[in-house]
Amino acid sequence: MSARRELFLEEMGLTPLWRLRAAQAPAHSGQAQPGDAPDAAPAPRPAPPDGGRAGRIARMGWGELKAEVAACTACGLRKTCTQTVFGVGDEQADWLLVGEAPGAEEDARGEPFVGQAGRLLDGMLEGIGLARANKVYIANVLKCRPPGNRNPERAEVETCAPLLLRQVELIRPRLILAMGRFACQTLLDTDASIASLRGRVHRYQGVPLIVTYHPAYLLRNLPDKAKAWEDLCFARRTLAALPARD
Ligand code: URA
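Residues numbered from 1 in each chain as written. Predicted model: local features only at pLDDT ≥ 70, side-chain atom pairs only at ≥ 80, totals over all residues. Heavy atoms only, no water.

Burial of strand E2 (residues 95-99) is extensive: 5 of the 5 residues sit out of reach of the surface. The two faces of E2 match: Trp95, Leu97 and Gly99 on one face and Leu96 and Val98 on the other face are all buried. Note that E2 and strand E3 (residues 136-140) share 5 bridges and pair parallel. When the bridges of E3 are listed, valine 98 appears paired with alanine 139. Summarising the sheet, E2 and strand E4 (residues 175-179) pair through 4 bridges and their orientation is parallel. Following the sheet pairing, tryptophan 95 is matched in E4 by leucine 175. (Buried < 20%, exposed > 50% of the residue type's maximum accessible area, 1.4 Å probe, protein only. Helix = DSSP H or I, 4+ residues; strand = E, 2+ residues; numbered from the N terminus. Pairing = 2+ DSSP bridges.)

Next up, the structure:
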């Protein structure tokens with residue numbers, strides 16, 4: 001770990017928490033364990049019928065998808081945000097991290113998780129030996145900032161979801177980390193609480209999916225950092241137990 005990162009983690013009160021311990025005992029009991037995860041090959045999503053927007057998006061490559069997001073006015077959010085925030089990272093990533101929506105700093109810079117929550121996320125990633133550009137892709141459910149950082153509305157999520165789903169298909173990640181309520185609702189189609197969804201391997205289109213708290217929530221609920229760290233370690237073990245990508 002770099003000296004700069006070490007200092008940062010200390011300031012955030014995260015050391016020695018965000019350090020990977022060797023041969024860590026399973027963090028969860030009574031639930032599916034990493035070794036239980038079968039092959040990660042994503043099941044192809046049945047192509048939506050021709051003609052509709054979702055059908056068009058489901059056939060796009062990276063270039064078209066980026067252009068679609070940049071030009072999107074499908075909901076009202078584009079009127080109030082500065083720019084769209086597509087996603088960032090390795091387009092053939094093993095890990096796909098999904099958050100909620102851009103905040104003020106992301107809106108200004110056009111990149112997800114670059115504010116305070118993003119700095120926490122970077123520290124957490126570094127704690128398990130990852131970095132956002134290396135085998136990691138970071139995206140949000142919404143590509144535009146909701147005004148005043150309000151929660152996404154259902155119609156906005158439904159309108160934006162095909163874009164995220166296409167990102168998943170193009171990346172074909174080996175594991176998805178769904179961070180927070182809106183990522184879980186969108187990818188797992190459930191209203192269940194994060195607490196009840198943690199600690200087991202879910203599936204999205206055949207890809208193992210692990211649920212954890214949103215980094216912004218962790219900034220407000222410091223005791224739950226330990227649980228998020230368990231989730232990350234669980235995710236790492238889950239991925240390590242998967243067969244190599246074909
Ligand atoms: N919160 C999110 O969910 N995404 C971001 O990009 C920033 C904050």
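Once you've had a look at it, read on.
Applying the stated criterion across every chain, the model contains 12 salt bridges. When the shortest N-O distance is used, the salt bridge between lysine 66 and glutamate 91 registers 2.7 Å. You can see lysine 66 sitting in helix H3 (residues 62-71) and its partner glutamate 91 sitting in the loop between strand E1 (88-89) and E2, a full 25 residues away along the chain. A residue is classified by how much of its surface remains accessible, and lysine 66, at 35% relative accessible area, is partly exposed. Look at glutamate 91 and you get partly exposed, because its relative accessible area is 27%. Taking the shortest distance from any N to any O, the salt bridge between arginine 198 and glutamate 230 comes out at 3.4 Å. Note that arginine 198 is positioned in the loop between helix H9 (194-197) and strand E5 (202-204) and glutamate 230 in helix H11 (residues 225-240), a separation of 32 residues in sequence. For arginine 198, a relative accessible area of 11% corresponds to the buried category. Among the residues examined, glutamate 230 registers a relative accessible area of 29% and is labelled partly exposed. (Salt bridge = Lys/Arg side-chain N within 4 Å of Asp/Glu carboxyl O.)

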